[in-house]
Amino acid sequence: MLFALVATTVIVGLISVWLFLSQRRRYKFADSLPQLKPWYPLIGNGALMFGKSDVERFEVLVKIFSDFDRLVRVWSGPKMLLFTSHPDVVQQLLTSEECLEKPFLYSFAGFEQGLFTSKYKLWRSMRKRLNSSFNLRILHGFIPVFVQCARKMVEDLNENPDGTVVSMHKFTSVCTLEMACGTTLGSDITRRAGKEEFVHGLDIAFGEAARRMVSVHLYPNIVYHLTKYHRELVQARATVCGFFNRLVTERRITMDLNCNKKSSVEDLDFDRKPKILIDQLLSISRDGKSFSDTEINDNIYAVITGANDTSGLLIAHACLFLCFYKDIEEKLFAEIMEFMPNEEFEISPESLKQMSYLEKFLKECLRHCPVAPNISRENMAEIEVDGMKVPPGNIFIMNFYALHRRKDIWGPDADKFDPEQFSEERSKNRHPFAYLPFSGGNRICIGWRYAMFSMKVMLIYLVRNFQFETEIRPEQVRYRHDLTMKLPFDHMIKVTKRKLEGSMVTSDILKHPELVPREGRE
């Protein structure tokens with residue numbers, strides 16, 4: 001017994017020494033970089049995350065990025081990760097043709113044949129085929145769908161007694177799910193059951209993926225599959241996939257029926273027209289290639305969950321900001337009333353483009369709450385970063401939350417919420433990679449324009465119809481570690497129907513004459 005214990009200790013010790021020496025040789029190129037402490041053998045810097053809540057994990061990560069200016073070595077077990085939130089370094093990484101790979105961390109999110117998590121070679125061919133489904137011509141055609149879903153959200157909110165306190169994210173997430181299904185699947189789900197369960201399942205699925213990314217001991221499948229977290233993840237994914245798989249099946253049937261009715265000339269014309277995402281996924285390309293069932297399902301998951309968990313969340317955050325800053329709320333309302341004085345006025349791409357304050361407000365919301373606070377990349381060949389030659393296979397983690405709060409870029413009041421950060425004067429000469437709400441470079445989010453259109457329409461209808469108040473104070477706002485920017489509590493907001501007549505008092509007009517609608521100016 002004693003001999004076995006000694007032998008085991010010796011073997012473990014020898015393996016540890018071998019791992020240390022091999023990793024030492026592999027990562028020698030980064031010796032000149034600062035290293036995060038405390039560091040321990042085998043677990044690296046993992047102790048910083050042990051026993052922490054999701055909120056504490058988020059704040060620990062942000063502190064690391066904020067404390068080190070350019071690059072810092074962080075050890076996830078025996079594996080080195082390079083952290084940065086400096087715009088120069090981020091630009092070098094995101095614009096490099098040799099740094100387009102997604103590392104192993106993304107596999108924890110599953111659905112590895114979709115755009116979000118796929119490896120470079122698969123992503124490259126899929127992105128090329130799917131780009132046309134998000135061109136401006138198609139996006140402009142989506143605006144009526146966005147309007148329909150936004151009006152439905154207003155109707156749902158109006159079902160509550162005036163002045164009711166609601167969990168705003170429950171309404172915005174359902175609205176963005178309806179938008180995503182209506183535009184990418186061609187399915188009207190405004191009256192379909194199961195949407196709330198879908199949103200809840202998605203929250204669990206994203207949360208579990210994020211938990212595993214910062215938990216070294218959960219990396220091996222043999223360990224993770226024994227935990228309750230894995231069981232919860234499987235159940236959540238089944239709920240999410242079950243919902244959109246039914247929609248895909250329905251779309252297949254509709255496409256088959258339509259194809260049987262079309263003439264050969266119509267078929268040719270249909271093949272040339274830009275297609276919505278589901279039609280692109282279900283069709284055969286001109287070179288005879290088709291998407292596999294797994295690729296179809298994984299891409300539908302990536303796009304619908306991406307649209308739902310980002311846009312819906314951001315608009316809920318935006319409503320909180322409107323509660324905190326009433327002067328901003330009234331300026332936004334004044335501009336909306338200028339271009340949409342009544343419901344008969346049609347929202348168009350042109351009118352959305354003209355609403356400059358809406359654009360600035362939304363951009364400032366995204367500065368404070370970027371769609372994904374962290375992204376990572378792996379280099380496929382040797383690259384030079386900050387004058388250092390980095391051999392292939394190294395992982396870089398970039399934090400946009402910290403990037404968007406750098407005082408050397410955004411000024412001493414970088415933490416302040418101020419839409420004028422995006423005025424023409426203050427935006428001039430700003431670093432091109434200082435603001436990355438949807439990532440950047442070639443692997444920028446395929447749906448970023450889609451998201452901007454949909455969120456603008458939602459804000460227009462919410463601000464035009466309601467005023468918002470909350471007992472939550474700005475200093476109470478904290479975020480929890482997740483794939484997206486989530487609060488540790490619900491967006492509890494008092495929603496009051498807006499009285500459109502006389503909503504701006506004379507003193508406000510005198511203070512802000514630029515808010516008077518054009519027809520009322522001298």
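Each chain has its residues counted from 1, following the order in which its sequence is written. Thresholds applied to this predicted model are a pLDDT of at least 70 for local features of residues and 80 or more for the giving and counting of side-chain atom pairs; totals over whole chains, interfaces and linings are not thresholded and use all residues. Heavy atoms throughout the structure, all of them, feed into the side-chain values; hydrogens and water do not.

In the annotation of an unreviewed UniProt entry, the entry for the chain reads Cytochrome P450, and the organism field reads Aedes albopictus. UniProt positions are given in the numbering used here, feature names are shortened, and annotations may be inferred rather than shown by experiment. Entered under Function (unreviewed entry) in the UniProt record, the comment concerning the chain runs "May be involved in the metabolism of insect hormones and in the breakdown of synthetic insecticides." Under the UniProt heading Cofactor (unreviewed entry), the entry covering the chain gives this text: "heme".

Trainee: How do you make sense of the overall build of the chain when you look at a structure like this?
Mentor: We count a stretch as a helix when DSSP gives it H or I for four or more residues in a row; a strand needs E for two or more, and each element gets its number in order from the N terminus. Helix and strand counts for the chain come out as 20 helices and 9 strands. Note on exposure labels: buried denotes an accessible area under 20% of the residue type's maximum, exposed denotes more than 50%, and partly exposed covers the range between, all computed with a 1.4 Å probe on protein chains only. When burial is assessed residue by residue, the chain has 53% of its 522 residues classed as buried. Across the chain, contacts joining residues at least 24 apart in sequence account for 75% of those joining residues at least 6 apart. Areas reported as accessible are Shrake-Rupley estimates using a 1.4 Å probe. Residue values count occlusion only from the protein chains shown. Of the roughly 24,900 Å² of accessible surface on the chain, a fraction of 56% belongs to carbon and sulfur atoms. Residues are treated as being in contact if the distance between any of their heavy atoms lies within 4.5 Å.

Trainee: Could you clarify how one ought to interpret the pairing of strand β4 (residues 374-378) in this entry?
Mentor: On a regular strand, one side chain projects to one face of the sheet and the next to the other, so that they alternate. Counting buried positions along β4 gives 4 out of 5 residues, so the element sits mostly inside the fold. Note: β4 against strand β7 (residues 395-399), 5 bridges, orientation antiparallel. Residue pairing across strands places I375 opposite M398, the latter belonging to β7. Between any two strands, at least two bridges found by DSSP are needed for them to pair.

Trainee: Would you explain the pattern of salt bridges in this entry?
Mentor: Pairing is possible between side chains of opposite charge, provided their charged atoms come close. Note on definitions: salt bridges are taken to be side-chain nitrogens of Lys or Arg within 4 Å of carboxyl oxygens of Asp or Glu. In total, this model carries 31 salt bridges according to the counting rule given. Across the pair K389 and E384 runs a salt bridge whose closest N-O atoms are separated by 3.5 Å. Pair check on accessibility: K389 and E384 agree, each one exposed. Among the ionic pairs, D482 bridges to K486, the shortest N-O distance being 3.6 Å. Like D482, the residue K486 is buried in the burial classification. Here the salt bridges do not stand alone but share partners, grouping K152, D156, E178 and K195 into one network.

Trainee: Sorry if this is basic, but what is going on with helix α6 (residues 168-184) here?
Mentor: Within an α-helix, residues lying three or four positions from one another point in the same direction, as the helix has 3.6 residues per turn. Taking 1.5 Å per residue as the helical rise, α6 with its 17 residues ought to reach 24 Å, and the 24 Å between its terminal C-alpha atoms agrees with that figure. Burial runs high along α6: 15 of the 17 residues are buried. Between the first and last residue of a helix there are one fewer steps than residues, each counted as 1.5 Å, and that sum is the expected span.

Trainee: In this structure, what is going on with the packing of aromatic side chains? I would like to understand it.
Mentor: Each pair of aromatic rings is reported with the distance of its centres and the angle of its planes. Working definition: rings of Phe, Tyr and Trp (its six-membered ring) pair if their centres are within 6.5 Å, and the pair is stacked with planes under 30 degrees apart, edge-to-face with planes over 60 apart, and tilted otherwise. Under the counting rule described, the total for this entry stands at 25 aromatic pairs. Between F108 and Y219, the aromatic rings sit 5.3 Å apart at their centres with planes inclined by 40 degrees, giving tilted as the arrangement. With F108 in the loop between α3 (87-94) and α4 (120-130) and Y219 in the loop between α7 (195-213) and α8 (221-224), the pair connects residues that are 111 residues apart, well separated along the chain. One aromatic cluster is present, built from ring pairs that chain together F321, F324, Y325, F361 and F417. We call a charge positioned over a ring when the NZ of a Lys or the CZ of an Arg lies within 6 Å of the ring centre and within 35 degrees of the ring normal. The ring of Y229 carries R211 above its face, with NZ or CZ at 4.0 Å from the centroid. Seen from the ring of W410, R367 lies directly overhead, with NZ or CZ sitting 4.9 Å from the centre.

Trainee: Mind showing me how you'd approach the sheet that holds strand β2 (residues 79-84) here?
Mentor: Picture the strands of a sheet paired through backbone hydrogen bonds; they go either parallel or antiparallel. Here we have 4 strands laid out as an open sheet, ordered β1-β2-β7-β4, and mixed in their pairing. The strands lining the two open edges of the sheet, one partner per strand, are β1 (72-76) and β4. Strand-to-strand twist of the sheet, defined as the mean angle between neighbouring strand axes without regard to direction, takes the value 30 degrees. As paired strands, β2 and β7 are joined by 4 bridges and run parallel to one another. Paired with L81 across the strands is I395, a residue of β7. Axis lines are fitted to C-alpha atoms, over the contacting stretch for helices. Their N-to-C directions set the angle, which ranges from 0 to 180 degrees.

Trainee: Which parts of the structure should I look at to understand helix α12 (residues 293-324)?
Mentor: With 32 residues, α12 should cover 46 Å at 1.5 Å per step; its first-to-last C-alpha distance of 46 Å lies within 8% of that length. Counting buried positions along α12 yields 28 of 32 residues, so the element is predominantly enclosed.

Trainee: Explain the pairing of β1 here, please?
Mentor: Among the 5 residues of β1, 5 are classified as buried, and the element is accordingly described as predominantly covered. The alternating pattern of β1 places V72, V74 and S76 and R73 and W75 on opposite faces, both of which are buried.

Trainee: Is there a simple way to think about the confidence of the model for the chain in this case?
Mentor: Interpretation of the predicted coordinates at a detailed level should be avoided for regions scoring low in pLDDT. With 87% of its residues at a pLDDT of at least 70, the chain reaches an overall mean of 87. Confidence of the prediction at every residue is given by pLDDT, a number between 0 and 100. When mean pLDDT is compared element by element in the chain, helix α15 (residues 356-368) scores highest at 98, while helix α20 (residues 506-511) scores lowest at 38. Scored below 50 in pLDDT, residues 263-272 makes 9 contacts in the model with residues more than four places away or belonging to other chains. Across residues 502-522, where pLDDT falls below 50, the model places 18 contacts with residues more than four positions away in sequence or in other chains.

Trainee: Can you walk me through the nonpolar core in this structure?
Mentor: Among soluble globular proteins, nonpolar side chains are generally buried collectively. Definition of nonpolar core: a set of buried residues of the types Ala, Val, Leu, Ile, Met, Phe, Trp, Tyr and Cys, connected through side-chain atoms within 4.5 Å. In terms of nonpolar packing, the biggest core is built from 119 residues, with I300, F361 and F468 touching the most fellow members. No other element matches α12, which puts 15 residues into this core. Ignoring anything within four residues of it in the chain, the contact list for F468 reads M168, C319, L322, C323, K326, E329, L462, I493, K494 and V495. Core analysis: the second largest hydrophobic core is formed by 25 residues, L82, V390, F396 and F433 among them.

Trainee: Looking at this model, I keep getting lost on the packing of α12 against helix α19 (residues 448-465). Mind explaining?
Mentor: How two helices sit against one another is set out by the angle between their axes and by the gap between those axes. At a minimum axis distance of 10 Å, the contact between α12 and α19 shows a crossing angle of 40 degrees. Of the possible angle classes, the one that applies to α12 and α19 is oblique. Considering the relative orientation of α12 and α19, their crossing is right-handed. Contacts from A307, S311, L314, I315, A318, C319 and L322 in α12 reach Y450, A451, S454, M455, M458, L459, L462 and V463 in α19. All amino acids are sorted into three groups, where Ala, Val, Leu, Ile, Met, Phe, Trp, Tyr, Cys and Pro are nonpolar, Asp, Glu, Lys and Arg are charged, and the leftover types, Gly among them, are polar. The residue inventory of the contact of α12 with α19, partitioned by class, reads 13 nonpolar, 2 polar and no charged. Note that the term roughly parallel is reserved for angles under 35 degrees, roughly antiparallel for angles over 145, roughly perpendicular for angles of 65 to 115, and oblique for everything else. Helix crossings fall into two classes, left-handed where the near helix is turned counterclockwise from the far one by less than a right angle and right-handed where it is turned clockwise.

Trainee: Looking at this model, I keep getting lost on the environment of E364. Mind explaining?
Mentor: Considering the arrangement of structural elements, one finds E364 in helix α15. Through-space distance from the C-alpha of E364 to that of D418 is 6.7 Å; in sequence the pair is 54 residues apart. With residues up to four places along the chain from it excluded, the contact list for E364 reads K416, F417, D418, P419, Q421 and F422.

Trainee: Could you clarify how one ought to interpret the environment of S356 in this entry?
Mentor: Here S356 shows up in helix α15. With relative accessibility at 44%, the residue S356 sits in the partly exposed group. Note: C-alpha distance between S356 and E335 (21 residues apart in sequence) is 8.4 Å.

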